Amino acid sequence: KEKQEDSAVLPQALTSIATDHINNASKLVVDHLQRARFAGWNLYAATDALNKSNFQAAIYYYKNGIAFLAGKMWTHDTQQLCYRLYKGTAFAWLALGEAEK
């Protein structure tokens, strides 16, 4: 049973680490499909942080996800992703008591 729990946690931890590295090199990613993929990674990492009540980390990942979509937001292929990133950002700010953000 412990081994199953470890294997479930490991991909989440690796995703956050990989997402941090990608975020640091975001200016090098120019392909729209790759940028959308990495925005999705940020959404995943933000959701994981949110589930752990780590609202500051969630905001960090949500904002990076939004930045990956800059210029291509609200297009047919990224509309749902964009919505989820903005909705998550608003929720995390509200959870921190920062409604005016």
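Positions within a chain are numbered from 1, following the residues in the order the chain's sequence is written. Predicted model: local features are reported for residues with pLDDT of at least 70 only, side-chain atom pairs are reported and counted for 80 or more only, and whole-chain, interface and lining totals are derived from all residues. Excluded from the side-chain calculation are hydrogens and water; included are all heavy atoms of the structure.

> How should I be thinking about the overall build of the protein chain in this particular structure?
Counting its regular elements, the protein chain contains four helices and zero strands. Counting from the amino terminus, the protein chain carries its helices and strands in the arrangement α-α-α-α. Contacts: residue pairs with any heavy atoms within 4.5 Å of one another. Residue pairs at least 24 apart in sequence account for 55% of intrachain contacts in the protein chain once pairs closer than 6 positions are excluded. Runs of E in the DSSP output that reach at least two residues are strands. Runs of H or I that reach at least four are helices, and both are numbered from the N terminus.

> Just checking my understanding: could you explain the packing of helix H2 (residues 32–51) against helix H4 (residues 79–95) for this structure?
Packed helix pairs are characterised by how far apart their axes lie and by the angle those axes make with each other. Only the stretch in contact is used when fitting a helix axis, every axis being a line fitted to C-alpha atoms; angles between N-to-C directions are given from 0 to 180 degrees. Between H2 and H4, the shortest axis-to-axis distance is 10 Å and the interhelical angle comes to 30°. By the angle between their directions, the pair H2 and H4 is classed as roughly parallel. Seen from above, H2 lies across H4 with left-handed handedness. Contacts from Ala36, Ala39, Gly40, Leu43 and Leu50 of H2 reach H4 at Leu81, Arg84, Leu85, Phe91 and Ala92. Think of it as three bins: nonpolar holds Ala, Val, Leu, Ile, Met, Phe, Trp, Tyr, Cys and Pro, charged holds Asp, Glu, Lys and Arg, and polar takes everything else, Gly as well. When the residues that make up the contact of H2 with H4 are grouped by side-chain class, the tally is eight nonpolar, one polar and one charged. Relative orientations are named as follows: roughly parallel for angles under 35 degrees, roughly antiparallel for angles over 145 degrees, roughly perpendicular for angles from 65 to 115 degrees, and oblique for any other angle. By definition, any crossing whose near helix is turned counterclockwise from its far helix by less than a right angle is left-handed, and any crossing with a clockwise turn is right-handed.

> Honestly, the packing of aromatic side chains in this entry has me stumped. Any pointers?
Centre-to-centre distance and the angle between the planes together describe a pair of aromatic rings. Here a Phe, Tyr or Trp ring, Trp counted by its six-membered ring, pairs with any other such ring whose centre lies within 6.5 Å, and the pair is stacked when the planes are under 30 degrees apart, edge-to-face when over 60, and tilted otherwise. Following the criterion strictly, the structure yields four aromatic pairs and no others. Here the aromatic rings of Tyr60 and Tyr61 are separated by 5.0 Å at their centres, their planes lie at 70°, and the arrangement is edge-to-face. Only protein chains enter the accessibility calculation, which uses a 1.4 Å probe. A residue is then buried if its area is under 20% of the maximum for its type, exposed if over 50%, and partly exposed in between. The partly exposed category is assigned to Tyr60, whose relative accessible area is 35%. When the centroid spacing of 6.0 Å and the interplanar angle of 20° are considered together, the rings of Trp74 and Tyr86 count as stacked. Within this pair, whereas Trp74 is found in the loop between helix H3 (55–68) and H4, its partner Tyr86 is found in helix H4, the two being separated by twelve residues in sequence. Here Tyr86 falls in the partly exposed class, since its relative accessible area comes to 36%. Three or more aromatic residues joined by ring pairs form one cluster here, namely Phe38, Trp41 and Phe68.

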